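Examining the three-dimensional arrangement
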Amino acid sequence: MAFSGEWSFPGRLPGGTVRALLGIGLLLLAFSCSGVSKADLHHLEGYWEIREVEFPDGNNKEFPASPMVDYFSMQGRSGYRKKLQPRIDGTFETSDDALPLEVLEREGLWLLRYTGEEGDWEETLVDLGPQNLALRDPAGVVYRYVRYQPI
């Protein structure tokens, strides 16, 4: 009996199906796993500037510069998020609005749970480090930030 180099078994899947299933599995694994650990959470504190938005359909929108900065103030696992507008003199223009939040761990993922007048919602921490932050909203949109550096 000669070996033909192909694997064969009864009920074999049509060509390409195995690769497609493997690709889908890898994508699900990538989206379900968070690269954020408990030790990374202290990096959330501070000023963040949006750089890119990734949509679920694969489209991206880049922001080379943004007129607004997101500020996260944390006390342990609770705090708030606030939008600020940097001024040339190094100060910020802001309103008194602050969105309360808490950091939760669920099924190995770190979530930011917001409570506001419009209701409650969550974002998943996809990436968090000294200079980078990525959040995924419930619709699957990923917001990528860099640490804000004043001019």
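Every value quoted in this text rests on a predicted model; they were computed, and no experiment measured them.

Attention shifts here to the overall build of the protein chain. Of the regular secondary structure elements, the protein chain holds one helix and ten strands. Its helices and strands in sequence order give the protein chain the pattern α-β-β-β-β-β-β-β-β-β-β, from N to C terminus. Taking as baseline every contact in the protein chain between residues at least 6 positions apart, the subset at least 24 positions apart corresponds to 41%.

A separate point is the nonpolar core. Generally speaking, nonpolar side chains in soluble globular proteins are found buried as a group. Phe72, Leu112, Leu125 and Leu133 are the most contacted members of the largest nonpolar core, which totals 19 residues. Counting residues per element, the ones that place at least two in this core are strand S1 (46–54), strand S3 (69–75), strand S6 (99–106), strand S7 (109–116), strand S8 (119–128) and strand S9 (132–136). Every residue in contact with Leu133, bar those within four places of it in the chain, is listed here: Leu44, Trp48, Phe72, Leu125, Asp127, Leu128, Tyr143, Arg144 and Tyr145.

For the rest of this paragraph, the subject is the pattern of salt bridges. Tallied over the entire structure, the rule returns nine salt bridges. One salt bridge connects Arg81 with Asp70, and the closest N-O pair in it is separated by 2.8 Å. Pair noted here: Arg81 is in strand S4 (residues 78–86) and Asp70 is in strand S3, with a separation of eleven residues, a long-range link. No difference in accessibility class separates Arg81 from Asp70, as the two residues are buried.

A few words now on the side chain of Glu49. The topology assignment puts Glu49 in strand S1. By relative accessible area, Glu49 is classed as buried at 10%. In this structure, Glu49 is in contact with Ala65, Ser66, Arg144, Tyr145, Val146 and Tyr148, ignoring residues within four places of it in sequence.

We now examine a negative patch on the surface. A cluster of acidic residues, Asp96, Asp97, Glu117 and Glu118, forms a negative patch at the surface. With respect to the helices and strands, the residue Glu117 is situated in the loop between S7 and S8. A relative accessible area of 88% places Glu117 in the exposed class.

A few words on unusual backbone geometry. Keep in mind that most residues, glycine aside, have a negative phi and that most peptide bonds are trans. Positive phi is not limited to glycine here, since Glu107 has a value of about 50°. Within the fold, Glu107 resides in the loop between S6 and S7.

What follows covers the pairing of S9. As a general feature of sheets, a regular strand has side chains that alternate between the two faces. Of all five residues making up S9, four are buried, and the element is well covered by its neighbours. Taken together, the four bridges between S8 and S9 define a ladder with antiparallel strand orientation. Each bridged residue has a counterpart across the sheet, and for Leu128 the counterpart in S9 is Leu133. In textbook terms, the turn of a hairpin is the stretch between consecutive antiparallel strands, and for S8 and S9 this stretch comprises three residues. Across five bridges, S9 lies against strand S10 (residues 142–147) in antiparallel orientation. Directly across from Arg136, in S10, lies its bridge partner Val142. Counting the residues between successive antiparallel strands, the hairpin from S9 to S10 contains five residues, one of them, Gly140, with a positive phi of roughly 90°.

Thresholds applied
- Residues numbered from 1 in each chain as written.
- Predicted model: local features only at pLDDT ≥ 70, side-chain atom pairs only at ≥ 80, totals over all residues.
- Heavy atoms only, no water.
- Helix = DSSP H or I, 4+ residues; strand = E, 2+ residues; numbered from the N terminus.
- Contact = heavy atoms within 4.5 Å.
- Core = buried A, V, L, I, M, F, W, Y, C linked by side-chain atoms within 4.5 Å.
- Buried < 20%, exposed > 50% of the residue type's maximum accessible area, 1.4 Å probe, protein only.
- Salt bridge = Lys/Arg side-chain N within 4 Å of Asp/Glu carboxyl O.
- Patch = residues over 30% accessible without salt bridge, like charges linked within 9 Å, V, L, I, M, F, W, Y side chains within 5 Å.
- Areas by Shrake-Rupley, 256 points an atom, 1.4 Å probe, with all protein chains shown as cover.
- Lys, Arg positive; Asp, Glu negative; His and termini not counted.
- Charge placed at Lys NZ, Arg CZ, Asp CG, Glu CD.
- Pairing = 2+ DSSP bridges.

These values are about where atoms sit, not about what they do.
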